[in-house]
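Each chain, written out:
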Amino acid sequence: MPIVEKSLVEGLQRTETLEVEGIDVSGDWNTFIASRVHTDLDLSIVDWVRGQPQGTTIDRCWQCGTCTAGCCLHTDYGLEEFNPRYFIYLAQLGFEKELARYAQTVWRCVSCNKCVERCPKGVKVEEVVHSIGTYLELSGTAPKSPADRFDEAYTRNLLERGILDEAGLFQAFEAGEGRTLPTREKLRMGLKLLFSGRLHTGPLAKRTRGWGRLRPVLERMLAEDLAGRRRGLPSRRPPTGGP
Ligand code: SF4
Ligand code: SF4
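Residues numbered from 1 in each chain as written. Chains lettered and ligands numbered in written order. Predicted model: local features only at pLDDT ≥ 70, side-chain atom pairs only at ≥ 80, totals over all residues. Heavy atoms only, no water.

### Here we look at the pattern of salt bridges
For side chains of opposite charge, pairing can occur when their charged atoms come near one another. For the structure on display, the rule yields 10 salt bridges. Ionic pairing is found between R179 and E174, a salt bridge with its closest N-O pair at 2.9 Å. Of the charged contacts, one joins R215 and E219 as a salt bridge, the two residues approaching to 3.1 Å between their closest N and O atoms. In this pair, R215 and E219 both sit in helix α10 (residues 211-230), 4 residues apart, roughly one turn of the helix. Salt bridges linked by common partners bring D47, R50 and D59 together as one network. (Salt bridge = Lys/Arg side-chain N within 4 Å of Asp/Glu carboxyl O. Helix = DSSP H or I, 4+ residues; strand = E, 2+ residues; numbered from the N terminus.)

### Looking at the site of ligand 2
Lining the immediate environment of ligand 2, one finds C71, F82, C109, V110, S111, C112, N113, K114, C115 and E126. Of the residues that constitute the shell around ligand 2, the class distribution is 6 nonpolar, 2 polar and 2 charged. (Near = heavy atom within 4 Å. Nonpolar A, V, L, I, M, F, W, Y, C, P; charged D, E, K, R; others polar.)

### What about helix α6 (residues 125-138)?
The end-to-end C-alpha distance of α6 is 20 Å, a good match for the 20 Å that 14 residues give at a rise of 1.5 Å each. For α6, a buried count of 13 out of 14 residues is recorded, marking the element as mostly surrounded by other parts of the structure. (Expected span 1.5 Å × (residues − 1). Buried < 20%, exposed > 50% of the residue type's maximum accessible area, 1.4 Å probe, protein only.)

### What to know about the packing of helix α7 (residues 146-161) against helix α8 (residues 166-176)
Two elements in contact, α7 and α8, have axes separated by 9 Å at closest approach and are oriented at 140°. When the axis of α7 is compared with that of α8, the two are oblique. The way α7 lies across α8 gives a crossing that is right-handed. Residue-level inspection shows P146, R149, F150, A153, Y154 and N157 of α7 in contact with α8, the latter providing G168, L169 and F173. (Axes fitted to C-alpha atoms, helices over the stretch in contact; angles between N-to-C directions. Parallel < 35°, antiparallel > 145°, perpendicular 65-115°, else oblique. Left-handed = near helix turned anticlockwise from the far one by under 90°. Contact = heavy atoms within 4.5 Å.)

### A few points about the site of ligand 1
Taken together, 14 residues sit near ligand 1, with C61, C64, G65, C67 and C119 positioned nearest. Secondary-structure elements contributing two or more residues to the shell around ligand 1 are α2 (66-70) and α3 (84-93).

### Section: the side chain of N157
Secondary-structure assignment places N157 in helix α7. When its relative accessible area of 12% is taken as the criterion, N157 is described as buried. At 2.9 Å, the side chain of N157 and the backbone nitrogen of D165 are in polar contact. For N157, the contacting residues outside a window of four places in its chain are I163, L164, D165, G168 and L169. (Polar contact = N/O pair within 3.5 Å; in protein donor to acceptor, adjacent residues only side chain to side chain.)

### Brief notes about the packing of aromatic side chains
Evaluated as defined, the whole model comprises 6 aromatic pairs. Both rings, one in Y86 and one in Y102, keep their centres 6.1 Å apart while their planes meet at 75°; by these two values the pair is edge-to-face. Within this pair, whereas Y86 is found in helix α3, its partner Y102 is found in the loop between α4 (96-100) and α5 (114-118), the two being separated by 16 residues in sequence. On the basis of relative accessible area, Y86 is assigned to the buried category, the value being 0%. Judged by its relative accessible area of 1%, Y102 falls in the buried class. Three or more aromatic residues joined by ring pairs make a cluster, and in this case those are F82, Y86, F87 and Y102. The positively charged end of R85 is found above the aromatic ring belonging to Y89, 6.0 Å away from the centroid. (Phe/Tyr/Trp six-rings, centres within 6.5 Å; stacked < 30°, edge-to-face > 60°. Lys NZ or Arg CZ within 6 Å of the ring centre and 35° of its normal.)

### Considerations on the environment of G94
Looking at where G94 falls in the secondary structure, it is placed in the loop between α3 and α4. Residue G94 is classed as buried on the basis of its relative accessible area of 0%. Sequence separation between G94 and S44 is 50 residues; the distance between their C-alpha atoms is 6.9 Å.

### A short note on a nonpolar patch on the surface
Together, L187, L191, L194 and F195 line one region of the surface with nonpolar side chains, adding up to about 420 Å² of accessible area. Considering the arrangement of structural elements, one finds L187 in helix α9 (residues 184-195). (Patch = residues over 30% accessible without salt bridge, like charges linked within 9 Å, V, L, I, M, F, W, Y side chains within 5 Å. Areas by Shrake-Rupley, 256 points an atom, 1.4 Å probe, with all protein chains shown as cover.)

This is the structure in structure tokens:
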């Protein structure tokens, strides 16, 4: 049975304080995880990550935990659930269902690369973690992150005229997120941009010269890039594995 990160397992019953014959036996060690049999082993995720330029080093990981111990998010910022060693471990076991719980968390990585510097096995941890996140999104295992939804809104906006319509982008993104009214801070920022002449929107919107010819080229390139990233993904199915 694979060992998962006990402190992160939901619903685990802990004994906060327990004394037996004068000895404190409280803590995590005396908790149990029900035995599981992995009947639907599916290693699509590790196969896909391994096949990406950023993920080739995933198999080198020997689970020493040095990356997590030095990760600024996990240690300095107290984001306990951000655990690169654990993400790699779950991917190696094909535990997509468990990984899907961290689909948003993996994108919190700030790419400081401390993990890469410290890994004794030369794992490109930061790139591997991002590849895992990309797999979760592209395969539909987890919903898209707000950052990805923003990227999509940005691309759509830019494709319109070949120049960014900041107000249009902001409006489209916020509406997509279910926020119709801007906060005071965002309104202030918009007005600042408007009065500084940096807001290209509505009748003020410009258009890149020759955009009619350039746009199809860019669209084709983006479509090819997406098709390339999707190559090797399993067809959509319920995620496998996990406690
Ligand atoms: S430091 Fe390297 S080998 Fe150790 S757990 Fe992290 S990725 Fe794996
Ligand atoms: S690059 Fe990401 S995973 Fe690595 S130490 Fe920095 S925040 Fe942590």
